[in-house]
Amino acid sequence: MPRDRKAHLPAPSLTSGLREVEPLPPVRLENVSKVYRDPMTLRPFTAVDGVSLTLERGEILGLLGPNGAGKTSTIKMILGLTRPTRGVIRIEGRDPWDSDARKRLGYLPENPCFYDHLGAAEYLDLVGALFGLSRVASRRRSEALLARLGLAAHARKPLRKFSKGMTQRLGICQALLNEPSLLVLDEPMSGLDPIGRAEAKQLLREERDKGTTILLSSHVLSETESLCDRVAILHRGRVHEVGGVSELLSSGVLEWEIAVDSLSDERAAILRSRGHSVQSVGRRWVVRVERESEVQEVLRDLVQERATIRSVEPRRESLEDYFVRALGADGRPAS
Ligand SMILES: Nc1ncnc2c1ncn2[C@@H]1O[C@H](COP(=O)(O)OP(=O)(O)O)[C@@H](O)[C@H]1O
Ligand SMILES: [Mg+2]
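A quick note: this is a predicted structure, and the numbers were derived from the prediction, not measured.

Rules used in this analysis
Residues numbered from 1 in each chain as written. Chains lettered and ligands numbered in written order. Predicted model: local features only at pLDDT ≥ 70, side-chain atom pairs only at ≥ 80, totals over all residues. Buried ≥ 20, exposed ≤ 12 C-beta atoms within 10 Å, placed from the backbone. Helix = DSSP H or I, 4+ residues; strand = E, 2+ residues; numbered from the N terminus. Arc of directions from axis to C-beta. Contact = placed C-beta atoms within 7 Å. Domains from an automatic or database assignment. Pairing = 2+ DSSP bridges. Right-handed = clockwise from strand over helix to strand, strands pointing away. Near = placed C-beta within 6 Å. Nonpolar A, V, L, I, M, F, W, Y, C, P; charged D, E, K, R; others polar. Axes fitted to C-alpha atoms, helices over the stretch in contact; angles between N-to-C directions.

### A short note on helix H2 (residues 120–130)
Okay, step 1: The set of residues buried in H2 consists of Ala-120, Tyr-123, Leu-124 and Gly-128. End-on, the buried residues of H2 take up no more than an arc of 145 degrees, which puts them together on one face. Along H2, exposed side chains directed more than 90 degrees from the buried face belong to Ala-129 and Leu-130.
Okay, step 2: Tucked into the core, H2 has its buried residues touching helix H3 (135–148) and helix H4 (164–176).
Okay, step 3: Once H2 ends, the next one or two residues include Gly-132, with phi positive near 80 degrees.

### Examining the domain arrangement of the protein chain
Okay, step 1: Taken domain by domain, the protein chain holds domain 1 (27–248) and domain 2 (253–316).
Okay, step 2: In this structure, domain 1 and domain 2 have C-alpha centres spaced 44 Å apart.

### Notes on the pairing of strand S6 (residues 182–186)
Regular strands have side chains that alternate between both faces of the sheet.
Okay, step 1: A large share of S6 lies buried, amounting to five of its five residues.
Okay, step 2: Note that strand S5 (residues 105–108) and S6 share four bridges and pair parallel. Counterpart to Gly-106 in the pairing with S6 is Leu-183.
Okay, step 3: Following the backbone out of S6, through helix H5 (residues 194–209) and into the adjacent parallel strand S7 (residues 213–218), one traces a crossover that is right-handed.

### Overview of the site of ligand 1
Okay, step 1: Near ligand 1 you find Tyr-36, Phe-45, Ala-47, Gly-65, Asn-67, Gly-68, Ala-69, Gly-70, Lys-71, Thr-72 and Ser-73, and these make up its full shell.
Okay, step 2: Looking at the shell around ligand 1, the elements that each hand over two or more residues are strand S2 (44–55) and helix H1 (71–78).
Okay, step 3: In terms of residue count, H1 provides more of the shell around ligand 1 than any other element does, three residues in total.
Okay, step 4: Class assignment for the residues of the shell around ligand 1 results in four nonpolar, six polar and one charged.

### Looking at the sheet that holds S5
Okay, step 1: Strand order in the open sheet formed by six strands is S5-S6-S7-S3-S8-S9, with mixed pairing between adjacent strands. Looking at the sheet topology across the chains shown, the edges are occupied by S5 and strand S9 (238–244). Between one strand axis and the next, the sheet turns by 15 degrees as a mean value, whatever way the strands run.
Okay, step 2: Pairing of S6 with S7 involves five bridges; the strand directions are parallel. In the strand pairing of S7, Val-184 is matched with Leu-215.
Okay, step 3: Lying on the sheet, H1 is in contact with strand S3 (60–64), S6, S7 and strand S8 (230–235); it crosses S6 at an angle near 150 degrees.

### Re the sheet that holds S2
Okay, step 1: Strand order in the open sheet made by the three strands is S2-S1-S4, with antiparallel pairing throughout. Both outer strands of the open sheet, S2 and strand S4 (86–91), are each paired with one neighbouring strand and no more. Within this sheet the neighbouring strands show an average axis-to-axis angle of 25 degrees, counted without direction.
Okay, step 2: Bridge count for strand S1 (residues 27–37) against S4 is five bridges, and the pairing is antiparallel. Each residue of the ladder has a partner; that of Val-27, found in S4, is Ile-91.

Following this line, the structure appears as C-alpha cells:
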C-alpha cells in the first residue's frame, strides 16, 4: 500500500467543486497516555506513555511487547472500554465512545470468559442479537464460523465444558460474527496449540485479504512474526519502534547452519580451529559458519569425508533476537 497517498490523489477539479479527500485511517492514536492510580496510595502510574500510531486499511499490525508493556491498556482505549488520560484516539474519524464507531468492530479480549451455562451456538445467537443482526444472518454466519474453527461438533456443549483452546476459538468466532472491518485481538494465540495457531493465522490472513484491518497484541513474538505486515514494539508504555517485520529484522544472514549425520573428531577439531562452531544435536551434528564465502569450502571437506549433509540453512535474525538486541537482555532499551 502506498505510504504517501496524497501523491496518488487527482488534482482538485475546479469544475465539480468537489475534491477527493484522503480516506480516514481505521485507527489513529495521537500522543495517547493512560495513567492509573493506586486505589490506596493514589500514586499515579503511567501504563501508556505518549503513544502515536496509525493503522492502515487492510493491514495486520502487531502490538508486541513483554508483559506489562501497556498492550491491553492501549487496546482497551481503542475500543472505548477505558478513556485515555491524555491524547486523542479516532476510529475512522470517530471517538471510540461513539457507538457508531463500534458497529463494525470485532474484539477478542485477553482472557475471554463467557456465560458458561450457554452452548456455543446459543452464545453466538446472543452476540448476533447484540450486534443487531437478523436471526437468520446470525445463524448462517455462526454456523460457518463454528465449522471453520473446528467447533461444529461442540455447538451445543455448555461453555463450562470448553477447554482453554476451545474458549479461545469461540472468542475468535464471536469477534468475527458481525463481519468487522476492524478486528482487535488481545493475545489471540494464547491457549492455542500449534495447529490451532496455524489455523488462526490462516483465518486472519484471509480476513486481511478481504480488506479487514487487524490489530493484534502478543508477547510471544515468534507466534506473530510471520503474520504481521507491520509491528509496533511497545515497551514500558512507549512505542519503541514501528516498521515492517523485514525492515526491523536485519535481512542479512547471521550464519549458515550445516546439519550432518556424522563427523569425525579430527574434522570437528579442524572446523573449530578455523573458527566455526561445531555442536552435537541429538544424533546429528550442526556446523555453524559465519561467512558465506567459507560455506562452500566447509561443504567440500564434509563431502570428501563422506559425511551425509542433511541441510544447509541460513539463520536470520528473529523478532526475538531483535527484541533482546533493541531492548537489551534485561528489557531496558539499549542506549
Ligand atoms: N486497571 C488498572 N489499574 C492499575 N494498573 C493497571 C490497570 N491495568 C493495567 N495496569 C498496569 O499497567 C501496566 C500495563 O498493563 P497492560 O496494559 O495490561 O500490559 P500488557 O497487556 O502489555 O501486559 C501494568 O503494569 C499493569 O499492572
Ligand atoms: Mg495484556
